[in-house]
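So you can see what is in the structure, the chains are spelled out below.
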Amino acid sequence: MEIQGNTRLIGLIGNPVEHTLSPVIHNGISKAVGIDSVYMPMKVTEQGLSKAIDGAYELNILGLNVTVPHKNAVMNQLVEIDDAALAIGAVNTLVRLEEKHGYKGYNTDMLGLRRQIIEDGIVLKNQVVVILGAGGAAKAVAYMCLLEEAKKVYILNRTIEKAQDIADTLDKKSDNNTEFIPLPLSDYTHIEEENLIVFQSTSIGLAPHTDEVVIEDAAFYKKVVVGVDLIYNPANTKFMQLVEQYGGKAYNALKMLLYQAVIAYELWHDIKIPQDVIDDIYVALKRKVYPKKNIVLVGYMGSGKTTFGTALAKELGMEFVDADAYIVSKTGKSIPDIFAQDGEEAFRKIETDILKEFNETLSDTVLATGGGMPLRKENARLLKEIGTVLYLMASPKEIYDRVKGDTNRPLLQCENPYQKICDMIKQRHPIYSQCADEIVDTNCNDLQWIVSVMKEKGMNGE
Ligand code: ATR
């Protein structure tokens, strides 16, 4: 990223800010859409907040995110506040208003969660919702329930006064469409309805206390159809496990983190970010939050994925899995047979299903992929989620020499296989390059040398 005279500054203020994931999202978006702005975390103390906001305006900062401990206090420093943020009592995004010489506050946490549930097909209208917790996050959830016209919202909290406060504030705004009912946490047994949609918004279950949950009772979970945990680390909280164990669908809120940032970015830059860019950024975010120790090999047939991959796995003491061999064992058909009987599209679909499975199950593994695997964008994203992706690259001539005698390659059963290899590599090289973290040249055919390069690049990958 090249900083120039007209580069705009965006950023985050809070204390602490060191562990924020927001730069991955915002700087990733800027790079992908070609906008010249840079996102920077900035530590601001409570005493320094007012000066920081004045200073930010004078420094021509385009927009800011606000995190703990300033989400409430910052509201006194703004020239305007969005209605939802005002009702929630928390602002996490400041948008520069040139004409008013200051910033307008928004709550994109709530908007982000709303976008997540819409994307995940969770409908709140006329439904009974249970919110566990009554802190800042719970307020945003409660307001979203009001916007989405839930029928009834139980707010359960250890400290009942806080639940009561949220219910009182939102009752006044709801025109009686949505009823808010505060309850002490232990009174969850008083809820008589079934088919509950539950939002877990307490801090219980957050890593490293991953075996904790505010309610353990199976009788409660039997009534839950959807559970959303506002915690995203760990990826699968105890709450989510219980929801699934008793037949409900469970989600964490990593997408909320993604979308609160996307919406803030859209407000700052007055643009709509394409979904394709958002999907790529989501993969980058998952890689950061849930890093995996796998190495994924992509490249054209004959580039050495099996040969060098097996040797690399041995060198690193990792498992080796060949995706094509796995497909053959799983379907009971050879790959030429799948191509001949079901067609290439059916084969690519099988690949996607297998990659989803690998994404859940593989660890400490070198995965060799089929040559066409990254052609589907969805597959390319899955490969990146599975591990560090290395593109094993070889020239058409070298590849031809390696595979010319192999009759088990359906794509090469043609009159002029060398020309076909040239054409296909020309088409696929940009796709492999884009999918990969690193490129490894295998033309020299020196096994030891190539494995050492793969090892270095595989361990250093993003
Ligand atoms: P956030 O802004 O992320 O919502 P918060 O405002 O500190 O964070 O809220 C934390 C929530 O977790 C509160 O609902 C809190 O309950 P209290 O209001 O009674 O403090 C809840 N919480 C934290 N520790 C808890 C515990 N051990 N048992 C039950 N609830 C707990």
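Each remark here, short or long, concerns the structure printed above.
Below is a short write-up of the structure. The residue numbers shown here count from 1 along each chain, following its written sequence. Owing to the predicted nature of the model, reporting of local features is limited to residues with pLDDT of at least 70; listing and counting of side-chain atom pairs is limited to 80 or more, with chain, interface and lining totals taken over all residues. Remark: hydrogens and water are excluded; side-chain values derive from all non-hydrogen atoms of the structure.

**A few points about the sheet that holds strand β3 (residues 63-66)**
Working step 1: Strand order in the open sheet formed by six strands is β2-β1-β3-β5-β6-β4, and the pairing between neighbours is mixed. The open sheet terminates on both sides in strands that have one partner only, identified here as β2 (37-43) and β4 (80-81).
Working step 2: At least two bridges found by DSSP between two strands is the condition for calling them paired. Secondary structure elements are defined from DSSP: runs of H or I of at least 4 residues count as helices, runs of E of at least 2 residues count as strands, and each element is numbered from the N terminus. Bridging between β3 and strand β5 (residues 93-97) involves three bridges; their strand directions are antiparallel. Along β5, the bridge assignment pairs Gly63 with Val95.

**Thoughts on the site of the ligand**
Working step 1: Proximity is defined per residue: any heavy atom of the residue falling within 4 Å of a molecule or strand makes that residue near it. Of all residues adjacent to the ligand, which total 14 residues, the nearest are Ala134, Asn157, Arg158, Thr159 and Lys162.
Working step 2: Polar contacts here mean pairs of N or O atoms no more than 3.5 Å apart (in protein, one a potential hydrogen donor and the other a potential acceptor; neighbouring residues in sequence count only if both atoms are side-chain atoms). Contacts to the ligand include Ala134, whose backbone N or O atom sits 2.9 Å from an oxygen atom.
Working step 3: Asn157 places a polar side-chain atom, nitrogen or oxygen, 2.8 Å from an oxygen atom of the ligand.
Working step 4: In this description, accessible areas are obtained by the Shrake-Rupley approach with a 1.4 Å probe, and a residue is regarded as covered only by the protein chains that are shown. Contact with the protein chains covers 64% of the free accessible surface of the ligand, which is 640 Å².

**Digging into the nonpolar core**
A general trend in soluble globular proteins is that nonpolar side chains are found buried together.
Working step 1: Grouped together as the largest cluster of nonpolar side chains are 36 residues, with contacts concentrated most on Leu124, Val129, Ile131, Ile155 and Phe199.
Working step 2: For this core, the leading source of residues is helix α5 (residues 136-147), giving eight residues.
Working step 3: It only takes one pair of heavy atoms within 4.5 Å for two residues to be counted as in contact. The residues touching Ile155, leaving out its near neighbours within four places in the chain, are Ile131, Gly133, Ala134, Ala163, Ile166, Ala167, Phe180, Ile181, Pro182 and Leu183.
Working step 4: Nine residue types can take part in a nonpolar core, namely buried Ala, Val, Leu, Ile, Met, Phe, Trp, Tyr and Cys, and a core is a set of them joined through side-chain atoms within 4.5 Å. Each residue's exposure class comes from its accessible area (1.4 Å probe, protein chains only) as a fraction of the maximum for that residue type: buried when under 20%, exposed when over 50%, partly exposed otherwise. Counting residues in each nonpolar core, the second largest holds 34 residues, with Ile327, Ile338, Val403 and Ile421 among its members.

**Focus: the side chain of Asn157**
Working step 1: Looking at the element boundaries, Asn157 is found in strand β8 (residues 152-157).
Working step 2: We classify Asn157 as buried; its relative accessible area is 10%.
Working step 3: Here the side chain of Asn157 touches Ala134 through a polar contact of 3.2 Å, landing on its backbone nitrogen.
Working step 4: If we ignore the near neighbours within four places in the chain, the residues touching Asn157 are Gly133, Ala134, Lys162, Ala163, Leu183, Pro184 and Leu185.

**Some details on the side chain of Ser37**
Working step 1: Following the sequence through the fold, Ser37 ends up in strand β2.
Working step 2: Taking relative accessible area as the criterion, Ser37 reaches 2% and is therefore assigned buried.
Working step 3: A distance of 3.2 Å separates a polar atom in the side chain of Ser37 from a polar atom in the side chain of Ser30.
Working step 4: In terms of polar contacts, Ser37 uses its side chain to reach the side chain of His269, at 3.0 Å.

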